[in-house]
Amino acid sequence: METYGYNDPESQNQNFSNRNYRSEKKLAAGLLGILLGTFGANKFYMGYINEGIIQIVLNIVTCGIATVIPFIEGIIYLTLSAEKFDRTYIQGRKTWF
């Protein structure tokens with residue numbers, strides 16, 4: 001079965017604990033939010049095209065002040081556990097914070 005960028009915790013064997021769970025998008029999305037959030041790179045990477053465009057427009061309108069939003073999001077992404085990140089932002093499709 002194709003996982004499309006995340007490991008499904010329900011498909012794992014019950015003999016293994018979830019400490020081996022690894023998100024393929026968490027690190028990249030967090031770093032993109034911190035380093036290239038001005039361009040909405042973290043939103044585009046996770047498939048949120050409309051939110052990425054909104055981020056670019058916000059940065060243009062506020063002369064870059066809105067860059068703090070993806071910076072905070074990047075920190076949030078990196079501090080969440082891999083399983084919680086996938087459940088919230090990849091499977092649950094939560095778009096902001």
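See the structure printed just above.
Residues numbered from 1 in each chain as written. Predicted model: local features only at pLDDT ≥ 70, side-chain atom pairs only at ≥ 80, totals over all residues. Heavy atoms only, no water.

Asker: Before we move on, can you summarise the overall build of the protein chain with the specific residues and values?
Answerer: A tally of helices and strands in the protein chain yields 5 helices and 0 strands. Each helix and strand of the protein chain, placed in order from N terminus to C terminus, yields the pattern α-α-α-α-α. Of the contacts made within the protein chain by residues no fewer than 6 positions apart, 55% connect residues no fewer than 24 positions apart. Split by element, the accessible area of the protein chain, about 6000 Å² in all, is 62% carbon and sulfur. (Helix = DSSP H or I, 4+ residues; strand = E, 2+ residues; numbered from the N terminus. Contact = heavy atoms within 4.5 Å. Areas by Shrake-Rupley, 256 points an atom, 1.4 Å probe, with all protein chains shown as cover.)

Asker: Which residues make up the packing of aromatic side chains, and what are the values?
Answerer: The way to describe two aromatic rings as a pair is by their centre distance and the angle between their planes. Counting across every chain of the model gives 3 aromatic pairs. Ring geometry for Y77 against Y89: centres 4.9 Å apart, planes inclined by 70°, an arrangement best described as edge-to-face. One end of the pair, Y77, is in helix α4 (residues 68–79); the other, Y89, is in helix α5 (residues 82–91), with 12 residues separating them in the sequence. With a relative accessible area of 0%, Y77 lands in the buried category. Centroid distance F85 to Y89: 5.6 Å. Interplanar angle 35°. Geometry classified as tilted. Taken together, the residues span about one helical turn, with F85 and Y89 both in helix α5 at a distance of 4 residues. Judged by its relative accessible area of 0%, F85 falls in the buried class. Taking the relative accessible area as the measure of exposure, Y89 reaches 2% and is therefore buried. These aromatic residues form a ring-pair network of at least three members: Y77, F85 and Y89. One residue, K25, lies across the ring of Y45, its end atom 5.6 Å from the ring centre. (Phe/Tyr/Trp six-rings, centres within 6.5 Å; stacked < 30°, edge-to-face > 60°. Buried < 20%, exposed > 50% of the residue type's maximum accessible area, 1.4 Å probe, protein only. Lys NZ or Arg CZ within 6 Å of the ring centre and 35° of its normal.)

Asker: Lay out α4 with the relevant residues and their values.
Answerer: Helix length check: α4, at 12 residues, gives a terminal C-alpha distance of 17 Å against a target of 16 Å (1.5 Å per residue), a fit within 8%. On its buried side, α4 packs onto α1 (26–36), α2 (41–45), α3 (49–61) and α5. (Expected span 1.5 Å × (residues − 1).)

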